[in-house]
Amino acid sequence: MFLESKKAHMAVIIGCVFYSMNGLFISCIHDMAISPVVFYRLFFGILFLFIYIAARGKTSDLRLKKKKGSLLLQGVLVVACMLLYFTCLKITCVSIAILLQYTAPIYVMLASPFLLRERIGKESIAALFIAITGVFLIVRPEGGFSEIEFTGTYMLGMIAGLLSGVVFAALILNVKVLKEEYPELAIVFWPMGIALSLLSPFAFEVSRAVLYSNLKVLAAFGIVSIGFGEIFTIIGFANLKAQTGSLLALIEPVSGVFFDIAVLGIALSLETLAGCALIMSSALIISLRDSEKLPEKIGEGVSGHL
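Fair warning: this is a prediction, and the values are worked out from it, not measured in the lab.

Peer 1: Please explain the overall build of the protein as it appears in this structure.
Peer 2: The helix and strand tally for the protein stands at 13 helices and zero strands. Across the 306 residues that make up the protein, the buried fraction comes to 50%. Within the protein, contacts between residues at least 6 apart in sequence are counted, and of these 89% link residues at least 24 apart.

Peer 1: Can you walk me through the nonpolar core in this structure?
Peer 2: Met32, Tyr40, Leu42, Met82, Phe86, Phe168 and Leu218 are the most contacted members of the largest nonpolar core, which has 80 residues in total. The greatest single-element share of this core, amounting to 11 residues, is contributed by helix H8 (residues 153-179). Excluding residues that lie within four positions of it along the chain, Leu218 makes contacts with Ile29, Met32, Val37, Tyr40, Arg41, Phe44 and Leu211.

Peer 1: I tried to follow the pattern of salt bridges on my own but got confused; where do I start?
Peer 2: Oppositely charged side chains can pair when the atoms bearing their charge come close. All told, the structure shown has two salt bridges when counted by the stated rule. Taking the shortest distance from any N to any O, the salt bridge between Lys67 and Glu180 comes out at 3.7 Å. With Lys67 in the loop between helix H3 (34-55) and helix H4 (68-91) and Glu180 in the loop between H8 and helix H9 (184-199), this pair connects stretches of sequence that are 113 residues apart. The class of Glu180 is exposed, set by a relative accessible area of 61%.

Peer 1: Help me understand helix H6 (residues 104-115) in this model?
Peer 2: Think of an α-helix as 3.6 residues a turn; residues three or four steps apart then line up on the same face. Over its 12 residues, H6 extends 15 Å from the first C-alpha to the last, a length consistent with the 16 Å expected when each residue adds 1.5 Å. Residues of H6 that are buried: Ala104, Pro105, Val108, Met109, Ala111 and Ser112. Trailing H6 by a residue or two, Arg117 shows a phi angle of about 60°, which is positive.

Peer 1: Would you explain empty space enclosed by the protein in this entry?
Peer 2: Gaps between atoms show up when a probe of the same size as a water molecule is rolled over them. Scanning the model with the defined rule gives one cavity of 30 Å³ or more in all. Its boundaries defined by the atoms lining it, the largest cavity holds a volume of some 320 Å³. Around the largest cavity sit 23 residues that line it, and Tyr19, Cys81, Phe168, Leu171 and Glu230 are the ones nearest its centre. At the level of secondary structure, the elements contributing two or more residues to the lining of the largest cavity comprise H4, H8, H9 and helix H10 (208-238). Looking at the lining of the largest cavity, its residues break down into 16 nonpolar, four polar and three charged.

Peer 1: Help me out: how do you make sense of a nonpolar patch on the surface in this one?
Peer 2: Residues Ile120, Ile125, Phe129 and Ile132 make up a contiguous nonpolar surface patch of about 330 Å² in total accessible area. Summarising the element assignment, Phe129 is placed in helix H7 (residues 122-139). Classification of Phe129 by relative accessible area gives exposed; the value is 55%.

Peer 1: It is not clear to me how the packing of aromatic side chains should be interpreted in this structure. Could you clarify?
Peer 2: Describing an aromatic ring pair means giving the distance of the ring centres and the angle of the ring planes. If you walk through the whole model with that rule in mind, you get nine aromatic pairs. Judged by centre distance (6.2 Å) and plane angle (40°), the ring pair of Phe50 and Phe189 falls under tilted. Taken together, the residues Phe50 in helix H3 and Phe189 in helix H9 connect sequence positions 139 residues apart. Judged by relative accessible area, which is 42%, Phe50 ranks as partly exposed.

Peer 1: Any chance you could explain unusual backbone geometry here in plain terms?
Peer 2: Peptide bonds are, in most cases, trans, and in most cases residues other than glycine have a negative phi. In this structure, Asp31 takes a positive phi of about 65° despite not being glycine. On the secondary structure map, Asp31 appears in the loop between helix H2 (22-28) and H3. When its relative accessible area of 70% is taken as the criterion, Asp31 is described as exposed. Here the phi dihedral of Lys67 falls at roughly 60°; this positive angle occurs in a residue that is not glycine. The exposure class of Lys67 is partly exposed, given its relative accessible area of 30%.

Peer 1: Help me out: how do you make sense of the side chain of Arg41 in this one?
Peer 2: Mapped onto the elements of the fold, Arg41 is located in helix H3. Look at Arg41: it is buried, it has no salt bridge, and the nearest opposite charge is Glu230 at 6.1 Å. Discounting residues that sit within four places of it in the chain, Arg41 has contacts with Tyr19, Asn22, Met82, Phe86, Leu218, Phe221, Gly222, Ser225 and Ile226.

Peer 1: Explanation requested: the environment of Leu128 in the structure shown.
Peer 2: One can find Leu128 in helix H7. Linking Leu128 and Thr103, residues 25 residues apart in sequence, is a C-alpha distance of 9.6 Å. With sequence-adjacent residues up to four places away left out, Leu128 is seen in contact with Pro105, Ile106, Met109 and Leu247.

Peer 1: So what exactly am I meant to see when it comes to the packing of H3 against H4 here?
Peer 2: The relative placement of two packed helices comes down to the angle between their axes together with the axis-to-axis distance. The contact between H3 and H4 brings their axes to 10 Å, and the two run at 125°. Classed by the angle they form, the pair H3 and H4 counts as oblique. In this structure, H3 crosses over H4, and the sense of that crossing is right-handed. In this structure, H3 uses Ile34, Ser35, Val38, Arg41 and Leu42 to contact H4, whose residues at the interface are Met82, Leu83, Phe86, Thr87 and Lys90. Along the lines of polarity and charge, the residues of the contact of H3 with H4 split into six nonpolar, two polar and two charged.

Rules used in this analysis
- Residues numbered from 1 in each chain as written.
- Predicted model: local features only at pLDDT ≥ 70, side-chain atom pairs only at ≥ 80, totals over all residues.
- Heavy atoms only, no water.
- Helix = DSSP H or I, 4+ residues; strand = E, 2+ residues; numbered from the N terminus.
- Buried < 20%, exposed > 50% of the residue type's maximum accessible area, 1.4 Å probe, protein only.
- Contact = heavy atoms within 4.5 Å.
- Core = buried A, V, L, I, M, F, W, Y, C linked by side-chain atoms within 4.5 Å.
- Salt bridge = Lys/Arg side-chain N within 4 Å of Asp/Glu carboxyl O.
- Expected span 1.5 Å × (residues − 1).
- 1 Å grid on protein atoms, 1.4 Å probe; cavity = no way out; pocket = protein on both sides within 12 Å on 5 of 7 lines; lining within 4 Å.
- Points joined across faces, edges and corners; volume = space filled by probe spheres on them.
- Nonpolar A, V, L, I, M, F, W, Y, C, P; charged D, E, K, R; others polar.
- Patch = residues over 30% accessible without salt bridge, like charges linked within 9 Å, V, L, I, M, F, W, Y side chains within 5 Å.
- Areas by Shrake-Rupley, 256 points an atom, 1.4 Å probe, with all protein chains shown as cover.
- Phe/Tyr/Trp six-rings, centres within 6.5 Å; stacked < 30°, edge-to-face > 60°.
- Lys, Arg positive; Asp, Glu negative; His and termini not counted.
- Axes fitted to C-alpha atoms, helices over the stretch in contact; angles between N-to-C directions.
- Parallel < 35°, antiparallel > 145°, perpendicular 65-115°, else oblique.
- Left-handed = near helix turned anticlockwise from the far one by under 90°.

Here it is in structure tokens:
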């Protein structure tokens, strides 16, 4: 059980690294609005997922069971989260978009005791406050929030980012509900398929010439973020407490900042780097907490059989 928990931790972290490449792909896509970009990202991602599932002989995992309403809700949440996130990404920048979306652990921690009966531990609260401080340091403008004008396009981007965090929290919580009925591959595939059908009208909002010029990037975008990213993160979220999964997912902002520096050449302040360090610290606290508790439970189980 301890080993399985470690695998779930690593799955979330690996998935978040793949997701943090979103900004790189967005920066390479030209002359396309957000909605068609999200549609074709989903199209190529789902195509990859189906080939992967068929190659592994796991198509039986896609059989529909109960909780179809929760699957539909997950698909709607996927669409809302993507549109809000990419709107923020286009208007602001990679770091702000990622970090505003990852205010999600706040909402997960507030809701999970009521919806999932998860207990809030002291370590979780400490990790949450450390992570919030990290988010504040990275998002905060040089002159403080008092200098932000609460009008204009930039503020709309900030609001979209915060709303994407609320929706992302709902996604994480709903994964735990779906896990009671469906295997991970079904939890990945069906909501993405629902999201694709909801966004299908936007497929024709781009000319053939523009689509062809962006086709390779869109295909890679879908395979990396929806294919690899979604598989790893859903496996992790489904097998961890919602609070743990949401806090570990804060690795994505750190990866996003790294890609900002290494690939896009974006200069980052000391406050941003300090925020990254705090976020990493919060993830470490959660990982160490789980590492200590699981062996205790295993020990108790072994002693109970002696």
